[in-house]
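Analysis of the macromolecular model
Take a look at the letters that make up each chain.
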Amino acid sequence: MIKKGISLICLLVFFTGCSSREKDIVGLWRTDSISNYVNGFSFTNNTKDAHWSYFDYRADGTLFERRKGEYRKSRYQLGSADSLFYTDSTGKILSGYKILDLNEKIMVLKMSQKPYLSGKNQELYEIRYFSKAVPKGK
């Protein structure tokens, strides 16, 4: 009886955590900065211009990336508690990110990248920082 109660509590915590992630990601996100790390060297770009995208995550799993009056539609899926995947219309994964932080105000995503050179002990990744944007007219 006690084991069933503990299992039920664990399931409730698990599903509550998932729904919170899904609730937090829905909305319009503004790119604040992008940091690249390549084998010990890092560079952060935080110069906002017209080339920076806005990402509109919808509750139905649809994603609209908007930039300079144009948009690209794709889909997104939250994997485990710390993963986000972009997919095409057939469900094929296009790219994936590790979620470093996600709440109702900020989102931080990390994408590991393939090494430029052959050899061991190489580390390349990109970290994207976002803040929740308020849509125009609200």
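Before reading further, recall that the structure is shown in the block above.
Residues numbered from 1 in each chain as written. Predicted model: local features only at pLDDT ≥ 70, side-chain atom pairs only at ≥ 80, totals over all residues. Heavy atoms only, no water.

Concerning the packing of aromatic side chains
- The full count for this structure, using the stated rule, is six aromatic pairs.
- Measuring from ring centre to ring centre gives 5.5 Å for Phe55 and Phe130, while their planes differ by 90°; the resulting arrangement is edge-to-face. Of this pair, Phe55 sits in strand 3 (residues 54-57) while Phe130 sits in strand 9 (residues 124-132), and the two are 75 residues apart along the sequence. By the burial criterion, Phe55 is buried, and Phe130 matches it.
- With centroids separated by 6.5 Å and ring planes inclined at 35°, the aromatic side chains of Tyr57 and Tyr86 adopt a geometry described as tilted. Here Tyr57 is found in strand 3, whereas its partner Tyr86 is found in strand 6 (residues 83-87), with 29 residues between them in sequence.
- Assessed through its relative accessible area of 1%, Tyr57 is described here as buried.
- Among the residues examined, Tyr86 registers a relative accessible area of 10% and is labelled buried.
- Taken together through their ring pairs, the aromatic side chains of Tyr57, Tyr76, Tyr86 and Tyr97 make up a single cluster.
- When the ring centre of Tyr125 is taken as reference, the NZ or CZ atom of Lys110 above it lies at 4.2 Å. (Phe/Tyr/Trp six-rings, centres within 6.5 Å; stacked < 30°, edge-to-face > 60°. Helix = DSSP H or I, 4+ residues; strand = E, 2+ residues; numbered from the N terminus. Buried < 20%, exposed > 50% of the residue type's maximum accessible area, 1.4 Å probe, protein only. Lys NZ or Arg CZ within 6 Å of the ring centre and 35° of its normal.)

Looking at the environment of Ser74
- Within the fold, Ser74 resides in strand 5 (residues 70-78).
- Distance from Ser74 to Tyr86, taken between C-alpha atoms, is 6.9 Å for residues 12 residues apart in sequence.
- With residues near it in sequence (within four places) discarded, Ser74 still touches Gly61, Thr62, Leu63 and Thr87. (Contact = heavy atoms within 4.5 Å.)

Observations concerning the nonpolar core
- Ile25, Tyr57, Leu84, Tyr86, Met107 and Leu109 are the most contacted members of the largest nonpolar core, which totals 15 residues.
- Broken down by secondary-structure element, the contributors of at least two residues to this core are strand 3, strand 6, strand 7 (93-102) and strand 8 (106-112). (Core = buried A, V, L, I, M, F, W, Y, C linked by side-chain atoms within 4.5 Å.)

Some thoughts on the environment of Phe55
- Judged by relative accessible area, Phe55 falls into the buried class, the value being 3%.
- For the pair Phe55 and Lys132, spaced 77 residues apart in sequence, the C-alpha to C-alpha distance is 9.6 Å.

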